[in-house]
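Descriptive structure summary
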Amino acid sequence: MPDAPRVVTGPDGNAMAYRQFGNGPRLITCLHSLALDGSWYEPLARALGEDYRLLAPDFRGHGASERGESPITLDRIAADVAAVWDAEGIERSVVLGISLGGVMAQAVTGSLASRVEAQILVATRGAYDEAAAAATTARADDLRAPDGVERAEKSMLQRWFGDGASNGSDPLVRRAREQFLGSDGNIVADYLIAMTRVGEFRTESPPRTLVVGGDDDRSTPRAVTEQLAASIPGAELRLAHGGHLVAFDDPNEVAATIRPFLDRLECWAG
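Described below are features of the structure shown in this document.

Cut-offs applied
- Residues numbered from 1 in each chain as written.
- Predicted model: local features only at pLDDT ≥ 70, side-chain atom pairs only at ≥ 80, totals over all residues.
- Heavy atoms only, no water.
- Buried < 20%, exposed > 50% of the residue type's maximum accessible area, 1.4 Å probe, protein only.
- Helix = DSSP H or I, 4+ residues; strand = E, 2+ residues; numbered from the N terminus.
- Pairing = 2+ DSSP bridges.
- Salt bridge = Lys/Arg side-chain N within 4 Å of Asp/Glu carboxyl O.

1. Quick word on the pairing of strand 2 (residues 15-21)
Of all seven residues in strand 2, seven are buried, a share of seventy percent or more. Residues Ala15, Ala17, Arg19 and Phe21 point to one face of strand 2 and Met16, Tyr18 and Gln20 to the other, with burial holding for every one of them. As paired elements, strand 1 (residues 6-9) and strand 2 share four bridges and run antiparallel to each other. Within the sheet, the bridge partner assigned to arginine 6 lies in strand 2 and is tyrosine 18. Hairpin connection from strand 1 to strand 2: five residues lie between these consecutive antiparallel strands, with glycine 13 at a positive phi of about 90 degrees. In this structure, strand 2 lies alongside strand 4 (residues 52-57), joined through four bridges in antiparallel fashion. Counterpart to phenylalanine 21 in the pairing with strand 4 is leucine 54.

2. Quick word on the pattern of salt bridges
Tallied over the full model, the rule gives 20 salt bridges. Glutamate 88 serves as the salt-bridge partner of arginine 53, at 2.9 Å between the closest nitrogen and oxygen. Here arginine 53, found in strand 4, pairs with glutamate 88, found in helix 2 (residues 74-88); they are 35 residues apart in sequence, far enough to count as distant. Under the relative-accessibility criterion, arginine 53 is labelled buried at 17%. A relative accessible area of 22% means that glutamate 88 is categorised as partly exposed.

What follows is the structure, given as structure tokens:
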């Protein structure tokens, strides 16, 4: 189903990789979680079926995309997404994001409103209060230490997989652990700091929005998901059965959760 990763030159000259899953008429741009990459969306593409085409970039410093020289900011990553769209001749797209990807989806909507048909925000938040920003900054500082990634491994996996984090026989847990341990702590820290600015991208006239939370999400609790949905005019809220990475851990569950919203979008007509 997937093509080989494609590469486009980003706005500051860095190589940006992205993948396409499926060739259907319904386009969704899918934005991935921290320290992972776009390849994680292949199972969701299969679950959604042949009507869909999923475009999944690797954020700079993730997967096959170069870090580049520019500072990591939300508007910079939004410009990278726009570069992928331009390379593919895409004027408008539905945008779906999980965790960091959900933060980035909001930045894309806030920066490129005329190019976003609708947004699906999964296991993410729309603002950081003073306490949340301070806690995130502390996590970032810890990650910058020489052994920061190794020391953060256990807590990160627990955020992602809850009680299943200790299941070393689970291929998703093994894959996530390998990717996280292979990441650059400074890059992960830069993204954490960037995420705390998501509230700056709030728009008074958002596109149609679906907010999805996992009912056992240890990283983004239900109250945070509900707060996000309440902050976006007209947003719908749905809960899927699963944890923080439910879209990857149980793509059929998430496909069933988001499909009614997708089916109601008028952008597919014609």
